[in-house]
Amino acid sequence: MNRMTNEELTHRAAEVRSYVVKMLAAAGAGHPGGSLSIVEILQVLYGEFMHVDPQKPHWPDRDRLILSKGHAAPALYATLMLQGFFPEAELWQLRQCGAMLQGVPDMNRTPGIDMSTGSLGQGLSAGNGMALGARLDHAAWHTYVLCGDGEIEEGIVWEAAMTSAHFKLDNLTLIIDHNKLQLGGTTEDVMNIMPIDAKFRDFHWHTITINGHDFTQIKSALQEALAHKGQPTVIIAETVKGKGVDFMENNKEWHNKALDAKDAATALKELGGEG
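Residues numbered from 1 in each chain as written. Predicted model: local features only at pLDDT ≥ 70, side-chain atom pairs only at ≥ 80, totals over all residues. Heavy atoms only, no water.

## A look at the environment of Phe86
Okay, step 1: Looking at where Phe86 falls in the secondary structure, it is placed in the loop between α4 (73–83) and α5 (123–136).
Okay, step 2: The exposure class of Phe86 is buried, given its relative accessible area of 6%.
Okay, step 3: Leave out the neighbours within four places in its chain, and Phe86 touches Tyr77, Leu80, Met81, Leu91, Met100, Leu101, Thr110 and Pro111. (Helix = DSSP H or I, 4+ residues; strand = E, 2+ residues; numbered from the N terminus. Buried < 20%, exposed > 50% of the residue type's maximum accessible area, 1.4 Å probe, protein only. Contact = heavy atoms within 4.5 Å.)

Next up, the structure:
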């Protein structure tokens, strides 16, 4: 784990966003909006907090990350590549038959992926299992689960939340990407999930709400989560769908939409990459 300054994290986030745009344009399919909203969170996790070794992706004492909102895989793939888990060339094979990088993460195919996801709602249950396993092994590693706000409309998430609290899994941190949009519209219109913090407190979780694009706030929340004992912690990260690209921001049409060459060029100019 290499410590990164906020300036370095800002540069890295811009790199990741540019890679996401180029990957999805090359693939001709994918989910740009929800990939772009989690970029800062991933950079702080891998640049500041998570103990991982790209040369030993199955290192038993590594921290685990479950990307429960698996459709946002491009942001994770770009992050893992920049960390050294696999070569850049793999990014340009995204979603191709037989390629390492598929539309959702595959733990059996991709170094750095700790759980295969894509069917929404299952990540926290898997995270509970990992956290309990670490406890049984008297291991110090931490489990992080990153899920979407539309995803927490599913009942399985709340069954898992009860389990996390019942077993007092303080070696587990749930991060919710609260960008307020899903495929069918706003989360408020599709199935109102508010207030998220109060719901989790009622389920006996420690709750923190932050700006999910502010590196200082993300770091502080993750530090607080690691220090808090006796309860699992949920970090509710207030984010912007499509962050960094003006025509995508807060636009549900870019939840799942391919970028053509013109869209990609416009987005890359905004992001500071080549247009």
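## Side note on the packing of aromatic side chains
Okay, step 1: All told, the structure shown has five aromatic pairs when counted by the stated rule.
Okay, step 2: Geometrically, the ring pair formed by Trp158 and Phe203 is tilted, given 5.1 Å between the ring centres and 55 degrees between the ring planes. Placement of Trp158 in helix α6 (residues 155–166) and of Phe203 in the loop between α8 (196–202) and β6 (206–211) is noted, with a sequence separation of 45 residues between them.
Okay, step 3: On the accessibility criterion, Trp158 (15% relative accessible area) is buried.
Okay, step 4: A centroid spacing of 5.3 Å and a plane angle of 75 degrees characterise the contact between Phe200 and Trp205, whose relative ring orientation is edge-to-face. Summarising the burial analysis for this pair, Phe200 and Trp205 share the class buried.
Okay, step 5: The ring of Trp141 has Arg64 lying over it, and the distance from NZ or CZ to the ring centre is 3.7 Å.
Okay, step 6: Sitting over the ring of Trp254, Lys257 keeps its end group 4.5 Å from the ring centre. (Phe/Tyr/Trp six-rings, centres within 6.5 Å; stacked < 30°, edge-to-face > 60°. Lys NZ or Arg CZ within 6 Å of the ring centre and 35° of its normal.)

## Some remarks on the environment of Val234
Okay, step 1: Looking at the element boundaries, Val234 is found in strand β7 (residues 233–238).
Okay, step 2: Separated by 88 residues in the primary sequence, Val234 and Leu146 place their C-alpha atoms 9.8 Å from one another.
Okay, step 3: With sequence-adjacent residues up to four places away left out, Val234 is seen in contact with Leu174, Ile176, Phe200, Trp205, His206, Thr207 and Ile208.

## Comments concerning the packing of helix α1 (residues 6–27) against helix α3 (residues 39–49)
Okay, step 1: Packing of α1 against α3 leaves a shortest axis separation of 9 Å and a crossing angle of 125 degrees. For the element pair α1 / α3, the angle class is oblique. The hand of the α1/α3 crossing is right-handed. In contact with Leu9, Arg12, Ala13, Val16 and Arg17 of α1, α3 contributes Val39, Glu40, Gln43 and Val44.
Okay, step 2: Its residues placed into classes, the contact of α1 with α3 shows five nonpolar, one polar and three charged. (Axes fitted to C-alpha atoms, helices over the stretch in contact; angles between N-to-C directions. Parallel < 35°, antiparallel > 145°, perpendicular 65-115°, else oblique. Left-handed = near helix turned anticlockwise from the far one by under 90°. Nonpolar A, V, L, I, M, F, W, Y, C, P; charged D, E, K, R; others polar.)

## With respect to the pairing of β7
Okay, step 1: The element β7 is extensively covered by neighbouring structure, given that five of its six residues are classed as buried.
Okay, step 2: Where β6 and β7 come together, six bridges link them in parallel fashion. Directly across from Thr209, in β7, lies its bridge partner Ile236.
Okay, step 3: Read from β6 through helix α9 (residues 215–227) to β7, the crossover connection turns out right-handed. (Pairing = 2+ DSSP bridges. Right-handed = clockwise from strand over helix to strand, strands pointing away.)

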